[in-house]
Amino acid sequence: MATASKSRSAAQRQYEPYLEAVWGLSNHWYPAAFSHEVPDRVVTGVMICGHEIALRRARGKVYALADRCAHRGVRISKKSMCLTDEHLTCWYHGFTYGLEDGVLKTILASPDDAQIGRLRIRTYPVEEHNGIIYVFVGDPDYRPIPPLASDLPIRITDDPNPVGHPLDEQVYVRGIRRTCVGNWRLGMENGFDSGHFLIHYDTQFIVATDRALALGWQTTGPDAIRTIDEPDGPKGLMSMFKSGQFRIIRESAPLGIKVYGKNRHYARTSIYLPCVVMVENWPINGWAQYEWQVPIDDYRHEYWEVLVGPGATEEQIKEADFKYANFFEPLGLWNFNDPDVFARAALQEPYGVSEGWEREQLCAFDGALISWRKLVSRHHRGIVERPRWAGPPAG
């Protein structure tokens, strides 16, 4: 994918950093894996913003190190070799690194080698909460490391029955992740696109629940979108649907199409740096869906679809398991969100080179996306540079 073009319009220059963030935003926290994907004595490889990362659990704690052996560059995660609780050993020649510092501690076939204690591979900060492993990805010397909460949605306090948060205690957290074609920015814009609901119009989820999902909406006042800019905290945008400053589109006479569902459903959407969308009261009241579009490289992202709901008692957990297995995952995550995956892949074709960004002809309901692009450009902590192994950009 091409980087920023030499000729940008005046509007595009206001969000030039966003257009340059092909590989993602640097110095931010990203979900890397579900906890169950990193069992003890197994090395799990992931790629985030072009960073190849090996995850390894020892004595209950997860460590993240560069997934390339300093010796000859093979991916350490290709074959798990966990010989002690203090080390990560490359399966090829036995180069063994400390989990805490990434320093080469020994070489199986050369225990007195001069490289021991001198070579090292990079380590990454890790946090684990409610079944999700997060990794801080960015510059090796970036300090101070911001708190994880600063890269997650705000906790909801303006609702009589606020939905749960991924860092809350006694909540039920479960979901899926899947690799999708499409740059991460296309995934993010899809999630906050007020005109894209047509692609969900005929999904089984909407028909089965008789939801009156709008075909689209437009803002009609300055208070329709709230900017979230907490000091040392989350940065994002929130659609304030209860403000009354929205025009809801439910039918089109020229096209002979209308919303058939009878159940009106309040589900507020917000979007945050680096790459997460939150939908309150979704797929049902009292729950929230969190969607991360984690950059993998310049044309793929890892699409995280995570539901958070009540989980304080055994009875609530039992009920949540039942609903998740029989309704939330098959219809709420796969069926409802499959059209989003399809749409992002279709967008990658024109936006995979600079032409899509240069030639787009945005309309009235795209104002929210422009606000998002400007927000990212103001508040990002860095732009990921194209890795040298990726070769020259296309376009």
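Each remark here, short or long, concerns the structure printed above.
Source: prediction; values computed, not measured.

A.B. asks: Please provide a residue-by-residue account of the packing of helix α3 (residues 184–191) against helix α5 (residues 314–351), values included.
C.D. replies: Following both chains from N to C, one finds α3 and α5 inclined at 130°, their axes separated by 9 Å at the closest point. In terms of their interaxial angle, α3 and α5 are classed as oblique. Where α3 crosses over α5, the handedness of that crossing is right-handed. Of the residues in α5, those in contact with Leu186, Gly187 and Asn190 of α3 are Asp340, Ala343, Arg344, Leu347, Gln348 and Tyr351.

A.B. asks: Please provide a residue-by-residue account of the sheet that holds strand β18 (residues 269–272), values included.
C.D. replies: Judged by pairing direction, the sheet is antiparallel, and its seven strands sit side by side in the order β11-β21-β20-β19-β18-β14-β13 without closing on themselves. Every other strand in the sheet has two partners, leaving β11 (171–181) and β13 (225–229) as the edge strands with one partner each. Here the strands of the sheet are splayed against their neighbours by 15° on average, with no regard to which way each runs. Pairing of strand β14 (residues 235–239) with β18, which is carried by three bridges, proceeds in the antiparallel orientation. Across the sheet, the residue bridging to Gly236 is Tyr272, located in β18.

A.B. asks: Break down the packing of aromatic side chains for me, citing the residues and quoting the values.
C.D. replies: Scanning the entire structure with this criterion turns up 22 aromatic pairs. With a centroid separation of 6.4 Å and 45° between ring planes, the pair formed by Tyr201 and Tyr260 is classed as tilted. On the criterion of sequence distance, the pair formed by Tyr201 in the loop between α3 and α4 (204–209) and Tyr260 in the loop between β17 (257–258) and β18 is long-range, its members being 59 residues apart. When its relative accessible area of 23% is taken as the criterion, Tyr201 is described as partly exposed. An aromatic cluster of three or more residues is present, and its members are Tyr172, Phe205, Trp282, Trp287, Phe327, Phe328 and Phe336. Residue placement shows Arg344 over the ring face of Tyr303; its charged tip is 4.1 Å from the ring centre.

A.B. asks: Give me the environment of Ile249: which residues, what numbers.
C.D. replies: Of note, Ile249 is situated in strand β15 (residues 246–249). Residue classification places Ile249 among the partly exposed positions, given a relative accessible area of 22%. It is 19 Å that separates the C-alpha atoms of Ile249 and Glu189, two residues lying 60 residues apart in sequence. Discounting residues that sit within four places of it in the chain, Ile249 has contacts with Ala214, Leu215 and Gly216.

A.B. asks: Describe the environment of Val22, and please don't skip the residues or the numbers.
C.D. replies: Looking at the element boundaries, Val22 is found in the loop between α2 (16–20) and β1 (28–34). Separated by 277 residues in the primary sequence, Val22 and Tyr299 have C-alpha atoms spaced 8.5 Å apart.

A.B. asks: Quick rundown of the sheet that holds strand β3 (residues 51–58)? Include the residues and the values.
C.D. replies: Read from one edge to the other, the open sheet built from four strands follows the order β2-β3-β4-β8, with strand pairing classed as antiparallel. Pairing within the sheet leaves two strands with one partner each, and these edge strands are β2 (43–48) and β8 (123–124). Here six bridges tie β3 to strand β4 (residues 61–66), and the two strands are oriented antiparallel to one another. By the bridge assignment, Arg57 is partnered in β4 with Val62.

What counts, and where the lines are drawn
- Residues numbered from 1 in each chain as written.
- Predicted model: local features only at pLDDT ≥ 70, side-chain atom pairs only at ≥ 80, totals over all residues.
- Heavy atoms only, no water.
- Axes fitted to C-alpha atoms, helices over the stretch in contact; angles between N-to-C directions.
- Helix = DSSP H or I, 4+ residues; strand = E, 2+ residues; numbered from the N terminus.
- Parallel < 35°, antiparallel > 145°, perpendicular 65-115°, else oblique.
- Left-handed = near helix turned anticlockwise from the far one by under 90°.
- Contact = heavy atoms within 4.5 Å.
- Pairing = 2+ DSSP bridges.
- Phe/Tyr/Trp six-rings, centres within 6.5 Å; stacked < 30°, edge-to-face > 60°.
- Buried < 20%, exposed > 50% of the residue type's maximum accessible area, 1.4 Å probe, protein only.
- Lys NZ or Arg CZ within 6 Å of the ring centre and 35° of its normal.

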